[in-house]
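Residues per chain, in single letters:
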Amino acid sequence: MDYVDKICQAGAGYKEGSLEAGITEMLLNIAGRSPAAAELIAQDLRVKKMSIAAAAKHLTDYARKNKSGNGYYMTPKKAEELLRDFYKIPDVREEPARTLKPEAKKRHGKVVDLLDFL
């Protein structure tokens, strides 16, 4: 079972449209963009205090503290930021980009141009 399957398994059983189901979907989106994040999430979900229900409480607590009148709206960006904070997941954009080694870029001292193969 891979990490994404473990996240799906942890989110199974929550009613569609519930906060927990939404959190599961967001975690799957984050995991899909970063294998390292998928691993972190899957490991954390094995701990009860890091469960999806606990993450839902984290978001709900934030909403209660920041409500305006009787309601609070949270953007998807803010929700993802809070989930990243809760699970200590670095932002995918912060991960270093993979670059080719200099020897992979060059062939016989020249840069390889893919158009040369057409």
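Each remark here, short or long, concerns the structure printed above.
Residues numbered from 1 in each chain as written. Predicted model: local features only at pLDDT ≥ 70, side-chain atom pairs only at ≥ 80, totals over all residues. Heavy atoms only, no water.

**Observations concerning the packing of helix α2 (residues 19–33) against helix α4 (residues 52–65)**
Here α2 crosses α4 at 105°, and the two axes come no closer than 9 Å. Considered as vectors, α2 and α4 are oriented roughly perpendicular to each other. Between α2 and α4, the contacting residues are Leu 19, Glu 20, Ile 23, Thr 24 and Leu 27 on the first element and Ile 52, Ala 53, Ala 55, Ala 56, Leu 59 and Thr 60 on the second. Looking at the contact of α2 with α4 residue by residue, the class counts come to eight nonpolar, two polar and one charged. (Axes fitted to C-alpha atoms, helices over the stretch in contact; angles between N-to-C directions. Helix = DSSP H or I, 4+ residues; strand = E, 2+ residues; numbered from the N terminus. Parallel < 35°, antiparallel > 145°, perpendicular 65-115°, else oblique. Contact = heavy atoms within 4.5 Å. Nonpolar A, V, L, I, M, F, W, Y, C, P; charged D, E, K, R; others polar.)

**Comments concerning the packing of helix α1 (residues 3–11) against α2**
Where α1 meets α2, the axes come as close as 10 Å, and the angle between the chain directions of the two elements is 175°. It follows that α1 is roughly antiparallel to α2 by the angle criterion. Side by side, α1 and α2 meet where Val 4, Ile 7, Cys 8 and Gly 11 of the first sit next to Thr 24, Leu 27, Leu 28 and Ala 31 of the second. Class assignment of the residues belonging to the contact of α1 with α2 gives a composition of six nonpolar, two polar and no charged.

**Some thoughts on the environment of Pro 35**
Locating Pro 35 in the fold gives a position in helix α3 (residues 35–44). Residue classification places Pro 35 among the exposed positions, given a relative accessible area of 59%. For the pair formed by Pro 35 and Tyr 3, sequence separation is 32 residues and the distance between their alpha carbons is 8.4 Å. (Buried < 20%, exposed > 50% of the residue type's maximum accessible area, 1.4 Å probe, protein only.)

**Topic: unusual backbone geometry**
Residue Lys 88 is not a glycine yet carries a positive backbone phi of 55°. Tracing the sequence through the fold places Lys 88 in the loop between α5 (76–87) and α6 (102–105). Taking relative accessible area as the criterion, Lys 88 reaches 62% and is therefore assigned exposed.

It is worth stressing that arrangement in space is one thing and function is another; only the former is reported here.
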